[in-house]
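Listed here are the chains, written in short residue letters.
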Amino acid sequence: DAGITQSPRYKITETGRQVTLMCHQTWSHSYMFWYRQDLGHGLRLIYYSAAADITDKGEVPDGYVVSRSKTENFPLTLESATRSQTSVYFCASSGSYVAGGGVNEQFFGPGTRLTVL
Amino acid sequence: AQSVAQPEDQVNVAEGNPLTVKCTYSVSGNPYLFWYVQYPNRGLQFLLKYITGDNLVKGSYGFEAEFNKSQTSFHLKKPSALVSDSALYFCAVRPIPMEYGNKLVFGAGTILRVKS
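Structural notes, computed from the coordinates. (Residues numbered from 1 in each chain as written. Chains lettered and ligands numbered in written order. Predicted model: local features only at pLDDT ≥ 70, side-chain atom pairs only at ≥ 80, totals over all residues. Heavy atoms only, no water.)

## Digging into the overall build of chain B
- Counting secondary structure elements, chain B contains zero helices and 12 strands.
- In chain B, the succession of helices and strands from N to C terminus is β-β-β-β-β-β-β-β-β-β-β-β.
- With the C-alpha coordinates of chain B rotated into their principal frame, the extents come out at 45 × 30 × 20 Å.
- Taking all 116 residues of chain B together, the buried fraction comes to 46%. (Helix = DSSP H or I, 4+ residues; strand = E, 2+ residues; numbered from the N terminus. Buried < 20%, exposed > 50% of the residue type's maximum accessible area, 1.4 Å probe, protein only.)

So, in C-alpha cells, the structure goes:
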C-alpha cells in the first residue's frame, strides 16, 4: 500500500527492555521524522533524517536511537525503555524539493501507542 | 528560540457559526507556517500552509488561515463550522534558513468542539 505506515500500532513493554518502532514510506521522501505526542506538550521532535545515513537529534533525543540504511525505512529504538517514554509516537516524511521554492508539508503515519510498565 | 503558541486549549462553537483557532509564532526571519488536524486515534493531516504571497491561504475542508506579520499570527478560520470539524488542531512553523532543515516546531494543540 502507498503512504506511510508504522508498526506496531500498539505496544506494551516493561522498564528496561529494548523496543523498536518501525516506520516505512513508499514515496521515496528524503526527510523522515520521529515525534512523540504527550498531553500538554503537543508534538516534540525526537530525531530526524535528511537522507539515508544522515540523521540528527531533535528536541528530545535522550534514550532513543535511530538509523536509516534505506530511504524508505526509519526505525526508532528505545534502548532501555523507561516509564517516561510512555507516549504516542508518530513518524512523518516529506520531500526535499518544491518547484519554484517553498517547502513540502510533512505526511504523518497513524502512530504507535507505547506503554512502558 | 523558535516557538509556536496556541493560546486556547479548547474552542467551542455552534454548528453553522464561524470558527477561529488562534496561533502566534516566534521565529527569526520569515517563517513557513502550517496547520494540521488530528482526529481521534489518527495521525496528523495537513490542512494548509503559508509560504509567501497572499496573506489569506485556503486549504482543505473549507478551512483558511490569515497570516499577519505585524502580529506574528496565523489564525485558522472557517466561515461555517460542522460537527465533523471537531478535532485537535495543531499550528506549526518551519523557520528559515535551511540550516534548520525541514523540521517543524508545533504548538501544543487546540481542541475544537462543534456542537449541533
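Next comes the rest of the account.
## Quick notes on the overall build of chain A
- When its secondary structure is counted, chain A shows zero helices and 11 strands.
- Secondary structure elements of chain A occur, N-terminal to C-terminal, as β-β-β-β-β-β-β-β-β-β-β.
- The C-alpha radius of gyration of chain A comes to 14 Å, within 12% of the 13 Å expected for a compact globule of 117 residues.
- Over its C-alpha atoms, taken along the principal directions, chain A stretches across nearly 50 × 30 × 25 Å.
- The 117 residues of chain A split such that 46% are buried.
- At a minimum sequence separation of 6, the contacts of chain A that also span at least 24 residues come to 56%.
- Roughly 5700 Å² of accessible area belongs to chain A as shown, and the carbon and sulfur atoms make up 49% of that amount.
- Across chain A, the 10 positively charged side chains and the 10 negatively charged ones have centroids separated by 7 Å. (Rg over C-alpha atoms; globule rule 2.2 N^0.38 Å. Contact = heavy atoms within 4.5 Å. Areas by Shrake-Rupley, 256 points an atom, 1.4 Å probe, with all protein chains shown as cover. Lys, Arg positive; Asp, Glu negative; His and termini not counted. Charge placed at Lys NZ, Arg CZ, Asp CG, Glu CD.)

## Observations regarding the interface of chain B and chain A
- Listed as interface residues are 22 residues of chain B and, on the opposing side, 23 residues of chain A.
- Together, the buried faces of chain B and chain A total about 1700 Å²; carbon and sulfur atoms form 57% of this surface.
- Taken as a group, Asn102, Lys103 and Phe106 of chain B account for 32% of the area that chain B buries against chain A, more than any other trio of residues on that side.
- A salt bridge links Glu105 of chain A to Lys49 of chain B, with the nearest nitrogen and oxygen atoms 3.0 Å apart.
- Counting across the interface, chain B meets chain A through three residue pairs in polar contact (both at pLDDT 80 or more).
- Going through the elements one at a time, β5 (32–38), β6 (44–50) and β10 (87–94) of chain B are the ones with two or more residues in the side of chain B that touches chain A.
- With four residues, β5 of chain B is the largest single contributor of residues to the side of chain B that touches chain A.
- Here the residues of the side of chain B that touches chain A sort into 12 nonpolar, six polar and four charged. (Buried area = accessible area lost by both parts, 1.4 Å probe. Salt bridge = Lys/Arg side-chain N within 4 Å of Asp/Glu carboxyl O. Polar contact = N/O pair within 3.5 Å; in protein donor to acceptor, adjacent residues only side chain to side chain. Nonpolar A, V, L, I, M, F, W, Y, C, P; charged D, E, K, R; others polar.)

## Brief notes about the nonpolar core
- Ranked by internal contacts, the top residues of the largest apolar core, which has 28 residues, are Trp35, Leu47, Leu48, Phe74, Leu76 and Tyr89 of chain B.
- For this core, the secondary-structure elements that each account for two or more residues are β2 (10–14), β3 (19–21), β5, β6, β8 (64–68), β9 (73–78), β10 and β12 (110–115) of chain B.
- It is β10 of chain B that contributes the most residues to this core, four residues altogether.
- Tyr31 and Phe108 of chain A together with Tyr32 and Leu104 of chain B belong to the second largest nonpolar core, which has 20 residues in total. (Core = buried A, V, L, I, M, F, W, Y, C linked by side-chain atoms within 4.5 Å.)

## Description of the packing of aromatic side chains
- What the rule picks out here adds up to 18 aromatic pairs over all chains.
- Centroid distance Tyr35 of chain A to Phe106 of chain B: 5.4 Å. Interplanar angle 90°. Geometry classified as edge-to-face. Of this pair, Tyr35 of chain A sits in strand β4 (residues 31–38) while Phe106 of chain B is found in strand β11 (residues 105–106), placing the two residues in two different chains.
- Residue class for Tyr35 of chain A comes out buried when judged on its relative accessible area of 0%.
- We classify Phe106 of chain B as buried; its relative accessible area is 7%.
- Here the aromatic cluster, defined as three or more aromatic residues joined through ring pairs, consists of Tyr31, Phe33, Tyr35, Tyr48 and Phe108 of chain A together with Phe34, Tyr36, Phe46, Phe90 and Phe106 of chain B. (Phe/Tyr/Trp six-rings, centres within 6.5 Å; stacked < 30°, edge-to-face > 60°.)

## Focus: the pattern of salt bridges
- Inspection of the entire model under this criterion finds seven salt bridges over all chains.
- For Arg17 of chain A, the salt bridge is made with Glu14 of chain A, and the minimal N-O distance between the two is 3.5 Å.
- Overall, Arg17 of chain A belongs to the partly exposed group, its relative accessible area being 49%.
- A salt bridge links Lys58 of chain B to Glu64 of chain B, with the shortest nitrogen-to-oxygen separation between them at 2.9 Å.

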